[in-house]
Amino acid sequence: MRPFHEIEQAAIARKGSKDSLSSALLTPKSADDIARVPADRWLSEMSKCVFQAGFSWKVIETKWPRFEEVFDGFDIGRLSMMHDEDVERLLKADGIVAHGPKIKSVGENARFLQSLAETHGSVGAFFANWKRADYCDNLRIVQKGGSRLGGKTGQVALRRIGMDTPIFSSDVLEALKVEGIVARMPSSNKDFAAVQAAFDQWHKESGRPFTQISQILAFSVG
C-alpha cells in the first residue's frame, strides 16, 4: 500500500485544495465526551441507522420524532423487555415504518446495550475505553452482539455519536481495494486483521484519527 501522504495528496487533488479537504474532515469526540453519552442516545442512533439502511434516510429523519415517542425515548430498560406482542403492537403504530425485523431489532439492541452497561458500568464507558489498536475487534463485538449492525450500519451510528471510526462505504472499500488491503466488505478474521494493520500504519504515519483516515481514503477515489 502507498504511504498515507500520497493518498492524502490524491484526496487534496480531488477536493481542489488542502483547505477544502481540511474543512470536510470530522473530529471525533474525546473519550470523556463519549462516556457521557446516555444509553438511550446510543440505542436511538443505532435504531435510526437500522431503519435507514436500504430506505430513504430523509424519510426516516423526518419521522424520527415520532419514533422517539413510540419507542419510549429509546429507554434501554423498557425496550430490553420487548417481546413479540410488542412488535405486533408497534407494527400498527402510526407515523413509523412498519418493518417487523427492524422493529424487533430495537429490543435486541436494547438487550445488547444493557449487557454492556452491566459489564462495564455504562454503555458510554464501554465505548469510551475503545483503543485504536483494538478497533476491529471491538467493532465485531458490536456487529455480533447487536442486531442488524453489520456492514456499515453500526459504523454510521458510531460515527454520528462521535466515535473515532471508519465507515466501510463504497468509496472507502474501493480505496482499500486499490491499496491492496481487502477486495470487499471485511468479514473474515484475515480481512479485519488486514484493515486494522493498514489503519494502524496510516495513523502512525499521519497522526490522524481513524475517522479522518477513512474520509481521506473515500475522497482519494470518490
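Please read these numbers as outputs of a predicted model, since none were measured by experiment.

Draft legend 1. View of the packing of helix α4 (residues 39-52) against helix α5 (residues 57-70). Running from amino to carboxyl end, α4 crosses α5 at an angle of 140°, the nearest separation of the two axes being 10 Å. Taken together, the axes of α4 and α5 are oblique relative to one another. As α4 packs across α5, the resulting crossing turns out to be right-handed. Residues Arg41, Ser44, Ser47, Lys48, Phe51 and Gln52 of α4 lie in contact with α5, whose contacting residues are Trp57, Ile60, Glu61, Trp64, Phe67 and Glu68. The residue makeup of the contact of α4 with α5, split by class, is five nonpolar, three polar and four charged.

Draft legend 2. Spatial organisation of the pattern of salt bridges. Counting across every chain of the model gives twelve salt bridges. With a shortest N-O distance of 3.9 Å, Asp72 and Arg78 are connected by a salt bridge. With a relative accessible area of 39%, Asp72 lands in the partly exposed category. Classification of Arg78 as exposed rests on a relative accessible area of 52%. One network of salt bridges, with partners in common, ties together Asp40, Arg41 and Glu68.

Draft legend 3. Local environment of the layout of surface pockets. Computed from the structure, the largest pocket encloses a volume of approximately 250 Å³. The wall of the largest pocket is formed by 15 residues, among which Lys29, Phe127, Trp130, Met163 and Asp164 lie closest to the centre. At the level of secondary structure, the elements contributing two or more residues to the lining of the largest pocket comprise α3 (31-35) and α9 (123-128). A class-by-class count of the residues in the lining of the largest pocket yields nine nonpolar, two polar and four charged.

Cut-offs and rules
- Residues numbered from 1 in each chain as written.
- Predicted model: local features only at pLDDT ≥ 70, side-chain atom pairs only at ≥ 80, totals over all residues.
- Heavy atoms only, no water.
- Axes fitted to C-alpha atoms, helices over the stretch in contact; angles between N-to-C directions.
- Helix = DSSP H or I, 4+ residues; strand = E, 2+ residues; numbered from the N terminus.
- Parallel < 35°, antiparallel > 145°, perpendicular 65-115°, else oblique.
- Left-handed = near helix turned anticlockwise from the far one by under 90°.
- Contact = heavy atoms within 4.5 Å.
- Nonpolar A, V, L, I, M, F, W, Y, C, P; charged D, E, K, R; others polar.
- Salt bridge = Lys/Arg side-chain N within 4 Å of Asp/Glu carboxyl O.
- Buried < 20%, exposed > 50% of the residue type's maximum accessible area, 1.4 Å probe, protein only.
- 1 Å grid on protein atoms, 1.4 Å probe; cavity = no way out; pocket = protein on both sides within 12 Å on 5 of 7 lines; lining within 4 Å.
- Points joined across faces, edges and corners; volume = space filled by probe spheres on them.

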